[in-house]
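# Structural overview for review
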Amino acid sequence: ITRQAPPPARRHAVPPRFLRSLPASPRSPGPVRFAPCSAMAAARSLSATAQTLATALVAGERRALSKAITLVESTQPASREAADELLSLVLPQRDASRCLRLGISGPPGTGKSTLIESLGLELASRRHRLAVLAVDPSSHRSGGSVLGDKTRMPQLSANPAAFIRPSPAQGVLGGVARRTEDVALLCESGGYDRVVVETVGVGQSEVVVAGLVDMFVLLVPPGAGDGLQGIKRGIMELADLVVVTKCDGALKPVAKAAAQDIRAALSVLRPRDAAWAPRVITSSMHDPGSAAAVADVIEEFRATMGRAGALRARRAEQAVSRVWEHARADVLHRLGGMPGVQALIGELAASAAAGSMPYSRAGSLVGAAV
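Residues numbered from 1 in each chain as written. Predicted model: local features only at pLDDT ≥ 70, side-chain atom pairs only at ≥ 80, totals over all residues. Heavy atoms only, no water.

## Things to note about the pairing of strand β5 (residues 215-220)
Taken across its 6 residues, β5 has 6 buried, putting it largely inside the fold. Burial along β5 is two-sided: Met-215, Val-217 and Leu-219 facing one way and Phe-216, Leu-218 and Val-220 facing the other are all buried. Taken together, the 4 bridges between strand β1 (residues 100-105) and β5 define a ladder with parallel strand orientation. Counterpart to Ile-104 in the pairing with β5 is Val-217. Bridge analysis of β5 against strand β6 (residues 241-244) gives 4 bridges, and the strand direction is parallel. From the neighbouring strand, Val-217 faces β6, where its bridge partner is Leu-241. (Buried < 20%, exposed > 50% of the residue type's maximum accessible area, 1.4 Å probe, protein only. Helix = DSSP H or I, 4+ residues; strand = E, 2+ residues; numbered from the N terminus. Pairing = 2+ DSSP bridges.)

Below, the structure is given as structure tokens:
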């Protein structure tokens, strides 16, 4: 009987995960180290991914748009660089003159998703391509979101001329997500000439979306309060179009009265632009003509503001505000990473909490130190 030699030991091209953390053997001169993938190779891979996505996105591929949005919404530093490169590649291909951004906001339960679906189907019938960015509230405990807005638009979801993307708010105030503006740019670069931003259900002071869109549409339910609610400054004075929803059945006279009260309130407020006076209309999900009426006002707004040059001026003003906002965010991020800043803030915060100095003085000292 001949004894066969044992098979040669299998060598791993990449060491198993459980071996990477083993200590060095007593006979080895030092710890066993395996070279990880270099950061340069990872950066080259992300750059190639951005270029591939840019080519497919400009060609109108929906799958590429979804992947591009996922890249832009990522919080990883390497992904952020790739997202910036992707945006730099596709933005020159975007025809901004054809695009119109709509912000639709209102209290919870107003019927935002219902109106957006009927409006989207109406716009699609007019040969527009529609992208809906639905922002969903995030849990303060788990950080998760239901992202259920798409399920409330079954007909629009099945329409080939529409693209619906739910996004978590992730604790960002103002009813929008952190990267909503970049996602809108990607949609416009992908050939969608009408972009709708559906916000989280908001109140009167959360108006961030008005600084991201060309036209701000506010939805108001009937019987939401007395006439003073419509006169309060805040979200109402930024609306280009106010839609009183659920104007049917027993609520029809209430909705008509609410629309009249809002018209009276807007008449004493100074409009955002001299070229456009805010409109107030009513709508009902049971009335097929409601979506057409809203679409007609939207097209009238685009034509009127475009002729007066007010739309371009509004976009230029928004661009300045957005650059300042991103600059402030970047400065705060860099400030938090500077050595000694956390300790300094801790000392000053303790002094301010003890009452030895005001908080404003503590903040000034931090700014002076850096």
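Alright, that's what it looks like, and here's the rest.
## Looking at the packing of aromatic side chains
Going through the model one piece at a time under the given rule, you end up with 2 aromatic pairs. A ring pair is formed by Trp-276 and Phe-301, whose centres lie 5.2 Å apart and whose planes are at 90 degrees; its orientation type is edge-to-face. With Trp-276 in the loop between α8 (252-267) and β7 (279-282) and Phe-301 in helix α9 (residues 289-308), the pair connects residues that are 25 residues apart, well separated along the chain. Like Phe-301, Trp-276 is buried. (Phe/Tyr/Trp six-rings, centres within 6.5 Å; stacked < 30°, edge-to-face > 60°.)

## Focus: the pattern of salt bridges
As enumerated under the stated definition, the model contains 18 salt bridges in all. Of the charged contacts, one joins Arg-322 and Glu-181 as a salt bridge, the two residues approaching to 3.0 Å between their closest N and O atoms. Placement of Arg-322 in helix α10 (residues 310-337) and of Glu-181 in helix α6 (residues 180-189) is noted, with a sequence separation of 141 residues between them. When its relative accessible area of 11% is taken as the criterion, Arg-322 is described as buried. (Salt bridge = Lys/Arg side-chain N within 4 Å of Asp/Glu carboxyl O.)

So, to be careful, I would describe these as geometric facts and stop short of saying anything about function.
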